[in-house]
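Residues per chain are reported as follows:
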Amino acid sequence: MAQKRDYYEVLGVDKNATEDQIKKAYRTIAIKYHPDRNPGNKEAEEKFKEAAEAYDVLHDPQKRQQYDTFGFNGPGAGGGYDPFGGASMNMDDIFSMFGDIFGGHAGFGGFGGGTRRGRQQHRGSDLRLKVRLSLQEIAHGVTKKFKVRKDITCTHCHGTGAEAGSTSDQCPTCHGSGVITHTTQSIFGMMQTQGVCPTCGGEGTVIKNKCKHCGGTGVEKGEEVVEIKIPAGVAEGMVVNVPGKGNAGQRKGINGDIQVFIEEEENDSYIRDNNDLIYNLLLDFPTAALGGEVEIPTIEGTRLKVKMEPGTQPGKTLRLRGKGLPAVQGYGRGNGDLVVNVSVYVPKTLSHEEKEAIEKFRQSDNFKGDAATKRSIFQKFKNYFS
């Protein structure tokens, strides 16, 4: 068995920490390792339980004094202090005991259903979808339609889980409370913990005659066409959460969510760099040498006229402010830039007349480049490989 860590170390507070500091530290850790944020992650679950155990001791003045005095080897502990009196601490115990930390609900505002104090309302599971977007769709935002196979409300019992005319009785185990209380003996005396009633699943009632269509669950398999609005500016790897469109909760419970994972198609014209777009302009030699006006396509579908100065060198960059992608809502403001990298096109084949024209310039010092230009090109080359 792994050796217990010091409770102060677990919460990341010093031994003189106030009750508010302890509560704040615990809430931070609990949110980070909450099971709804880390589904199937056993390590996160253990850290969540470890933090709950540390908080249970340190926020109670009497338990804290005992721990500060004796550590894990308190009187009668048999060499190993257990604040829960030998009983294993499960998630229901933690949620019911420390509901105040999460604002009265284990889901603490958006991270899943969890278990509440009192009667439980079932929550449907979340669904995951992937959507592949073009750069143009990302620039403007888009609404996508999906045909989703999922749990829907039972069409026979309308979600009640009971046959027509059937009634529900108070649960004989929990007497309608939805929870059962466990009393255990610990070093500090009798200790009570609460958990979900195993008979009624936390509902407080038991159906007499279950629906034959859904078996009493209140849900059945079905399909729904779901419209999902994806905001402008999203990026590869982002997740758009659509509340209430996931699987239906059993017996008129809360619907789950749909999580839409964003994938991004490659674009033939632009390279994305966060909210900036990089465009490679292939400039003809006469325009590079003499200057002139060129057109730059934008992601909006328009074309911007840009004046090129005479003697424009390959590798020159232009930055067109605000012509990139918009920042996704909540992750910044405004638009990125359109960065134009200038390349000069050198034809692979020339006519006889073209060769003669260029030959006339071969011996001209003006076409050989000055020392400053050569040094600049060399430095760019050096930086590229460094």
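Within each chain, residue numbers correspond to sequence positions counted from 1 in written order. At least 70 in pLDDT is required for a residue's local features to be given in this predicted model, at least 80 for side-chain atom pairs to be given and counted, and no such filter applies to totals for whole chains, interfaces and linings, which use all residues. Derived side-chain values reflect all non-hydrogen atoms in the structure, with water molecules and hydrogen atoms excluded from consideration.

We now examine the overall build of the protein chain. Numbered from the N terminus, helices here are DSSP runs of H or I no shorter than four residues, and strands are runs of E no shorter than two. Across its full length, the protein chain carries nine helices and 15 strands. Whether two residues touch is decided by their heavy atoms; if any such pair falls within 4.5 Å, the residues are in contact. Within the protein chain, counting contacts between residues at least 6 apart in sequence, those at least 24 apart form 66% of the total. Surface accessibility of the protein chain: about 23,300 Å² in total, with carbon and sulfur atoms responsible for 49%. Here the accessible surface of atoms and residues is derived via Shrake-Rupley with a 1.4 Å probe, and residues count as covered only by protein chains that are part of the display.

Bringing the nonpolar core into the picture now. We call a set of buried Ala, Val, Leu, Ile, Met, Phe, Trp, Tyr and Cys residues a nonpolar core when their side-chain atoms join them within 4.5 Å. Classification of residues uses two cut-offs on accessible area relative to the type maximum, computed with a 1.4 Å probe and protein chains only: under 20% is buried, over 50% is exposed, and between them is partly exposed. With 37 residues, the main nonpolar core has I228, I230, I258, L281 and I296 as its most contacted residues. Not counting chain neighbours up to four residues away, the residues in contact with I228 comprise L129, V142, T143, K144, F146, V242, I258 and V260.

On to the confidence of the model for the protein chain. Confidence of the predictor at the level of single residues is given by pLDDT, which spans 0 to 100. For the protein chain, the mean per-residue pLDDT works out to 82, and 80% of the residues sit at or above 70. Contacts from residues 75–88, a stretch scored under 50 in pLDDT, to residues over four places away or in other chains number 34 contacts. In this model residues 99–118 is a low-confidence stretch, pLDDT under 50, and it forms 49 contacts with partners more than four residues away in sequence or in other chains.

On to the packing of aromatic side chains. Pairing of aromatic rings covers Phe, Tyr and Trp, the last counted by its six-membered ring, and requires centre-to-centre distances within 6.5 Å; plane angles under 30 degrees mean stacked, over 60 mean edge-to-face, and any other angle means tilted. The tally for this structure, following the rule as stated, stands at four aromatic pairs. Aromatic side chains Y7 and Y67 sit 4.7 Å apart centroid to centroid with 40 degrees between the ring planes, which places their arrangement in the tilted category. Placement of the pair is Y7 in helix 1 (residues 7–11) and Y67 in helix 4 (residues 61–70), with a sequence separation of 60 residues. A relative accessible area of 2% places Y7 in the buried class. For the pair Y270 and Y279, a centre-to-centre distance of 5.8 Å together with 45 degrees between the ring planes defines the contact as tilted. We classify Y270 as buried; its relative accessible area is 7%. These aromatic residues form a ring-pair network of at least three members: Y7, Y8 and Y67.

To continue, consider the environment of R64. Tracing the backbone shows R64 in helix 4. A relative accessible area of 15% means that R64 is categorised as buried.

With that settled, consider the sheet that holds strand 14 (residues 317–320). If you walk across this open sheet you meet the four strands as 10-11-15-14, and the pairing is mixed. At either margin of the open sheet sits one strand with a lone partner, and together these are strand 10 (270–273) and strand 14. Averaged over all pairs of adjacent strands, the angle between their axes in this sheet comes to 30 degrees, without regard to strand direction. Whether two strands pair comes down to DSSP finding at least two bridges between them. Bridge count for strand 10 against strand 11 (residues 276–284) is four bridges, and the pairing is antiparallel. Bridging across to strand 11, R272 finds its partner in L277. As a rule, the C-alpha atoms of each element are fitted with a line to give its axis, helices using only the stretch in contact, and angles between N-to-C directions run from 0 to 180 degrees.

Right, let's talk about the pattern of salt bridges for a bit. We count a salt bridge whenever a side-chain nitrogen from Lys or Arg sits within 4 Å of a carboxyl oxygen from Asp or Glu. Applying the stated rule across the entire model yields 21 salt bridges. Residues E9 and R5 are paired through a salt bridge, measuring 3.5 Å at the closest nitrogen-oxygen approach. The partner of E295 in a salt bridge is R303, and the shortest N-O contact between them spans 3.0 Å. Of the residues examined, E295 reaches a relative accessible area of 39% and is grouped as partly exposed. Through salt bridges that share partners, D276, R319, R321 and D337 make up one connected network.

An expected span of 1.5 Å times one less than the residue number is assigned to each helix. When the terminal C-alpha atoms of helix 3 (residues 42–58) are compared, their 24 Å separation across 17 residues agrees well with the 24 Å that a helix rising 1.5 Å per residue should span. Burial in helix 3 covers these residues: A44, F48, A51, A52, E53, A54, Y55, D56, V57 and L58. For helix 3, the N-terminal cap is N41; the gap from its side-chain oxygen to the backbone nitrogen of E43 is 3.1 Å. Distance and chemistry together define a polar contact, namely a pair of N or O atoms within 3.5 Å, with one atom able to donate a hydrogen and the other to accept it when in protein, and with adjacent residues in sequence counting only for side-chain atoms on both sides.

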